[in-house]
Amino acid sequence: MGGAAPALCGARAITAAIFSAPFAYSAVKKTSIALSIAMAALLLLAGCREDMQVQPRINPLRISDFYGDSRSARPLVDGTIARGQLRNDSYFYTGMVGKDPGNEMPFPVTREVLQRGRERFNIFCAPCHSELGDGNGMVVQRGYRRPPSYHIDRLRNAPLGHFYDVISNGFGVMPDYAAQVPPHDRWAIVAYIRALQLSQNAPASLVPAGTALPPALPSSVLPNNFVAAQPRKIEEQEPLEKK
Ligand code: HEC
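Residues numbered from 1 in each chain as written. Predicted model: local features only at pLDDT ≥ 70, side-chain atom pairs only at ≥ 80, totals over all residues.

### Examining the nonpolar core
Soluble, globular proteins show a tendency: their nonpolar side chains are buried together. Put simply, the rule is: For our purposes the nonpolar core covers buried Ala, Val, Leu, Ile, Met, Phe, Trp, Tyr and Cys residues that link as a set through C-beta atoms within 7 Å. To assign burial, the other C-beta atoms lying within 10 Å of each residue's own C-beta are counted, with C-beta atoms placed from the backbone; 20 or more indicates buried, 12 or fewer indicates exposed, and intermediate counts indicate partly exposed. Note on conventions: DSSP H or I runs of at least 4 residues are helices, E runs of at least 2 residues are strands, and numbering of each starts at the N terminus. By the convention adopted here, residues make contact when the C-beta atoms placed from their backbones lie within 7 Å.
Core analysis: the biggest nonpolar cluster contains 16 residues, and Phe163, Ile167, Ile189, Val190, Tyr192 and Ile193 have the highest contact counts within it. Listed by contribution, the elements that provide at least two residues to this core are helix H10 (160-169) and helix H11 (183-199). Residue contributions to this core peak at 8 residues, all from H11. Look past the residues within four positions of Ile167 in its chain and what remains in contact with it is Asp176, Tyr177, Val181, Arg186 and Ile189.

### What to know about helix H6 (residues 111-124)
So the rule is basically this: Expected span, for any helix, means 1.5 Å times one less than how many residues it has. This arc is taken over the directions from the axis of the helix to the C-beta atoms.
Helix length check: H6, at 14 residues, gives a terminal C-alpha distance of 20 Å against a target of 20 Å (1.5 Å per residue), a fit within 8%. Along H6, the positions that sit buried rather than exposed are Gly117, Arg120 and Phe121. Along the axis of H6, the buried positions cluster into a sector of 105 degrees, meaning they face one direction only. In H6, the exposed residues that point more than 90 degrees away from the buried face are Arg111, Glu112 and Gln115. Buried residues in H6 make contact with helix H7 (126-129) and H11.

### Observations regarding unusual backbone geometry
In this structure, Ser70 takes a positive phi of about 65 degrees despite not being glycine. At Ser130, a residue that is not glycine, the phi angle is positive and equals roughly 70 degrees. Along the chain, Ser130 turns up in the loop between H7 and helix H8 (138-141). Looking at Ser130, the number of C-beta atoms within 10 Å reads 22, which means it is buried.

### Considering the site of the ligand
This is how it is decided: For each residue, a C-beta position is placed from the backbone atoms; the residue is near a molecule or strand when that point lies within 6 Å of it. Lys, Arg, Asp and Glu make up the charged group, whereas Ala, Val, Leu, Ile, Met, Phe, Trp, Tyr, Cys and Pro make up the nonpolar group; the residues left over, Gly among them, are polar.
Every one of the 20 residues lining the ligand counts as a neighbour, but Cys125, Cys128, Pro147, Gly172 and Met174 are closest to it. For the shell around the ligand, the elements supplying multiple residues, two or more each, are H7 and H10. Residues belonging to the shell around the ligand are distributed by class as follows: 17 nonpolar, 2 polar and 1 charged.

### A few points about the packing of H10 against H11
The test is simple: Every axis corresponds to a line fitted to the C-alpha atoms, with the helix fit spanning only the stretch in contact, and the corresponding angles, defined between N-to-C directions, vary from 0 to 180 degrees. Throughout this description, any angle smaller than 35 degrees is read as roughly parallel, any larger than 145 degrees as roughly antiparallel, any in the 65 to 115 degree range as roughly perpendicular, and the remainder as oblique. If you view the pair so one helix is near and one far, a crossing is left-handed when the near helix is turned anticlockwise from the far one by less than a right angle, and right-handed when it is turned clockwise.
Contact pair H10 / H11: the axes reach a minimum separation of 9 Å and the direction vectors enclose 130 degrees. Judged on the interaxial angle alone, H11 and H10 are oblique. The element H10 and its partner H11 pack so that their crossing is right-handed. Where H10 approaches H11, its residues Leu160, Phe163, Tyr164, Ile167 and Ser168 are matched on the opposing element by Arg186, Trp187, Ile189, Val190, Ile193 and Arg194. A class-by-class count of the residues in the contact of H10 with H11 yields 8 nonpolar, 1 polar and 2 charged.

Read these as spatial facts, not as claims about activity.
Encoded structure:
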């Protein structure tokens, strides 16, 4: 490439075209001449090759003879870890101790953690499991397989790591929520599910003595399979110390 075309590039080409045009025509003709000049300038400019445009480069994943393996893209150096992706705490990321689910929270459960867990649970899990965790969510009411209630003995006794694992890897027909819920939020949800389970199964001994319990809801406002604990009269409750 090269030769005459680059010499006519850019502003010089336009100036040359304008100065070579005759000036003495009528206004109408002037306009059309101006137009043709502009077109000619455009055509000339289109042929221009600037150095930045022709510098050597390689299209992504194109073959190259520069490296011995013929690949232009270089493989990652062994052991490269992207920022924020170092997973050196395997319990935090899997919920497993060896092959079995563990039963500990990997960080302390604070009020904020539970609030975050409730928020995430109500967004990602309640559509199927319902806000009560009884498995009667809206999606289920529209025909999806009904999940087991969290308030059955098997799930009440299931270790925390099991819930973490179900969110991370799915369970039966339930898809996993690994992409939607990052690890810290999964644990927050797990902690909240435990709180939810306790909320439906708390022993009266946990109620501070003298606390008035709310009246039972009329059964018409409760879901069919939901059995609310009947509040007992305060004088019937065992004192806190007694187990
Ligand atoms: C699209 C509906 C749907 C959503 C959303 C959903 N689940 Fe499930 N879940 C199910 C179904 C259905 C089952 C029962 C699967 C089976 O037994 O095949 C289930 C089962 C479970 C179980 C019981 C596993 C066992 O041991 O029986 C747990 C725990 C659970 N889900 C947790 C969650 C959590 C936590 C979330 C939110 C991050 C969630 N699910 C979101 C549908 C859903």
